[in-house]
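Read off the chains here:
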Amino acid sequence: MPITVGIIGHRDAVIKKDHEKAFLDLLNSIYNKFPNSPITLFSQLAAGADMWAARLFVKHGDENNRDYRLFVPLPMPIEDYMKDFSPEERIEFEVLVQKSDRCFELDNSDNNLDLKYRNGGKFVADSTMILVALFDGKENNLTGGTADIVYYKKNGVFKNDLDKTLSSSTGIVVELWCSREKSSNAENISLQLANVYKNYIKGRVIEKTLKKVDFGNRIYSKLKTKIEANSNTLYPNEPTSKKQNFLKLSYGLWDSCAEYYQKKYFLNLKLLSVFGLLLLVFFEIYRKETTDEFYPLVIIALAIAIFVIYQKIRGKNEHLYYIENRILAESIRVQFFWNKAGIQEQVTKYILRIHKKEYNWINAILNAIQGLSYQPSTRDSIDFDGIEKYWITDQKEFFHSALLKLDKRRNFHRYLTGSLVGFSLLIFIAIFSIELTGDYRAIEPSLIMVISILIGCFILIKGYYEKRGFNQISNQYELMLNVFKATESKINLINKSDLPKDEKEKRIKNLFFLAGKEALVEKGNWYSIFKDKELELEGI
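All values reported here derive from a predicted model rather than from experimental measurement.

Participant: Mind showing me how you'd approach the nonpolar core here?
Facilitator: One broad rule of soluble globular proteins: the nonpolar side chains tend to lie buried together. Ranked by size, the top nonpolar core spans 126 residues in total, and within it Phe23, Phe93, Met129, Ile130, Trp338, Trp391 and Phe512 carry the most contacts. Sort the elements by how many residues they give to this core and helix H12 (residues 318–340) lands first, with ten residues. In contact with Phe512, other than residues within four places in its own chain, are Trp338, Ala341, Ile343, Phe384, Ile387, Glu388, Trp391, Ile392 and Ile491. Ile453, Leu454, Cys457 and Ile461 belong to the second-largest nonpolar core, a separate cluster that totals five residues.

What follows is the structure, given as structure tokens:
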């Protein structure tokens, strides 16, 4: 997956060597700090700043033999877009399109030209982790202008839409201020950007985005077989386009990473519980039954092992990484099937809608993936049966099976903890009975030791059970099961109805959207709950 950079700017921007240096410094910093990641530039190739940045980007990549990719999203048909180009601009536009990896027209039903340009700028802003703006830094009320898009990227919403949403994801804009040829007071504007990366990216949430992408690209070679296998579970044995394959591989990557960290976290959690149990047993035996010098050494070794495992769990954040990768994978799953169904919606509108700013990196990655895999609407037939089979039915069966497994585990834990409490009570009764009938002092210490061990085991198992979050997971799985069961049921009712085929497909398509939306909202709630569920040793 590439790191995505976007460019917007004035058509009459006065571009100087300082601007070129700042732009190249940014590219070099990204390339050097994240060597496993290609860089994709999103540019609409409008005359002026857009075309300048694309030309410089392509040249820099060719001269340095770097994996640079150019994406050209157009807000209108190409001939309409080039109408106001000069002959020289038209030639350069065509040359850059030829050198681009993708050039495509965005879906846009607006007849208003300003709204078309706004739609194009919004797509560039959404699809890029870092947006570079070459403009004079002045706000205006021009719809679709550079200042309009800069405001949107910074605030996650257009200025005239502030009352339409409570949720928004803010983004990074690298502002390269410049003069304008047509300005009546075209003063020189100082860039004041000796180090663009340090001033705009280092230490901010966006840096986590870039690190996460680079990590994914680095680990791909290590888990390639697993990633490809997991990606094929999304839509197995069915033909998909190149853009859909990118989504499948993205799903496989984050799904494999989630499984990897989940296994490591649960292994360490089990080791912590086992060593805790052994420590309890050896300590009670040493305290009640023996003074052998061997026992203190074992107790110290076990205590050190517990401390090391505990610090490893806290320090490596494996639980957090599992949750982060899982939320990415599940969001991509919805995006994949929405795209397959021809639903032009972004998952970031519904996942983590109202959230802490520190979560913005998740939306940045998901938006970039959607931009990179964007598929304009077509009249191609939609595989409704395949989407229902591999998404709706598959998820319903998964959550049904997972709930059964969870119920077995919960019942086993209840039986085990109940047995421990029951045995403890029986021993208490035995001690009381012996006290009434005769001398019990010879066996009292051993019985009390056994009670202590049983109670300690009860606490350890309860702590493990709570840390695994079986109750919360069960509730979430039940909600997800109900979502997909209801969707499948309504699809069956629609298919059995006497509605025309077009109307049936329209309604089923809307059900796909609603199922995805509900799944995203629920996954976002799950992430918010479990993200801060840190391991504690209190009570153990």
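Participant: Can you help me understand the sheet that holds strand S1 (residues 3–9) in this one?
Facilitator: Hydrogen bonds between backbone groups are what pair the strands of a sheet, and the pairing can be parallel or antiparallel. Read from one edge to the other, the open sheet built from six strands follows the order S5-S4-S3-S1-S6-S7, with strand pairing classed as parallel. Strands at the two margins of the open sheet, each flanked by one partner only, are strand S5 (102–105) and strand S7 (172–177). Here the average twist between neighbouring strands, direction ignored, is 20°.

Participant: Sorry, what's going on with the pairing of strand S6 (residues 130–135) here?
Facilitator: The side chains of a regular strand alternate, residue by residue, between the two faces of the sheet. Within S6, six of the six residues are buried, leaving the element largely enclosed by the surrounding structure. Every second residue of S6 is oriented toward a common face, with Ile130, Val132 and Leu134 on one face and Leu131, Ala133 and Phe135 on the other, all of them buried. Pairing of S1 with S6, which is carried by five bridges, proceeds in the parallel orientation. Across the sheet, residue Ile7 finds its bridge partner in S6, namely Val132.

Participant: Sorry if this is basic, but what is going on with the environment of Phe93 here?
Facilitator: Take Phe93: it is sitting in helix H4 (residues 87–99). On the accessibility criterion, Phe93 (1% relative accessible area) is buried. With 39 residues separating them in the primary sequence, Phe93 and Ala54 have C-alpha atoms 9.8 Å apart. Not counting residues up to four positions away in its chain, the partners in contact with Phe93 are Gln44, Leu45, Met51, Leu74, Ile78, Tyr81, Met82 and Phe85.

Participant: In this structure, what is going on with the environment of Gly144? I would like to understand it.
Facilitator: Turning to its location among the elements, Gly144 is positioned in the loop between S6 and helix H6 (146–155). Residues Gly144 and Gly120, spaced 24 residues apart in sequence, show a C-alpha to C-alpha distance of 8.2 Å. Apart from residues lying up to four places away in sequence, Gly144 is in contact with Asp114, Tyr117, Arg118 and Ile149.

Participant: In this structure, what is going on with helix H5 (residues 113–127)? I would like to understand it.
Facilitator: In an α-helix, one turn spans 3.6 residues; hence positions three or four apart end up facing the same way. Its 15 residues give H5 an end-to-end C-alpha distance of 21 Å, which sits within 8% of 21 Å, the value for a rise of 1.5 Å per residue. Looking only at H5, the buried set comprises Lys116, Arg118, Gly120, Gly121, Phe123, Val124, Ala125, Asp126 and Ser127. Where H5 begins, the side chain of Asn112 points an oxygen toward the backbone nitrogen of Asp114, at a separation of 2.8 Å.

Participant: Hey, could you run me through the confidence of the model for the protein in this one?
Facilitator: As a note on interpretation, predicted positions should not be read in detail where pLDDT is low. Averaged over the protein, the pLDDT score is 81; the fraction of residues at 70 or greater is 83%. Ranking the elements of the protein by mean pLDDT puts helix H15 (residues 444–468) last, at 67, and strand S3 (residues 39–42) first, at 95. Every residue in residues 533–540 is under pLDDT 50, and counting partners more than four places away or in other chains gives 20 contacts.

Participant: Sorry, what's going on with the side chain of Gln244 here?
Facilitator: Turning to its location among the elements, Gln244 is positioned in helix H10 (residues 242–288). On the basis of relative accessibility, which here comes to 8%, the residue Gln244 falls in the buried class. The residues touching Gln244, leaving out its near neighbours within four places in the chain, are Phe336, Lys340 and Gln375.

Each value, and the rule that gives it
- Residues numbered from 1 in each chain as written.
- Predicted model: local features only at pLDDT ≥ 70, side-chain atom pairs only at ≥ 80, totals over all residues.
- Heavy atoms only, no water.
- Core = buried A, V, L, I, M, F, W, Y, C linked by side-chain atoms within 4.5 Å.
- Buried < 20%, exposed > 50% of the residue type's maximum accessible area, 1.4 Å probe, protein only.
- Helix = DSSP H or I, 4+ residues; strand = E, 2+ residues; numbered from the N terminus.
- Contact = heavy atoms within 4.5 Å.
- Pairing = 2+ DSSP bridges.
- Axes fitted to C-alpha atoms, helices over the stretch in contact; angles between N-to-C directions.
- Expected span 1.5 Å × (residues − 1).
- Polar contact = N/O pair within 3.5 Å; in protein donor to acceptor, adjacent residues only side chain to side chain.
- pLDDT = per-residue confidence, 0-100.

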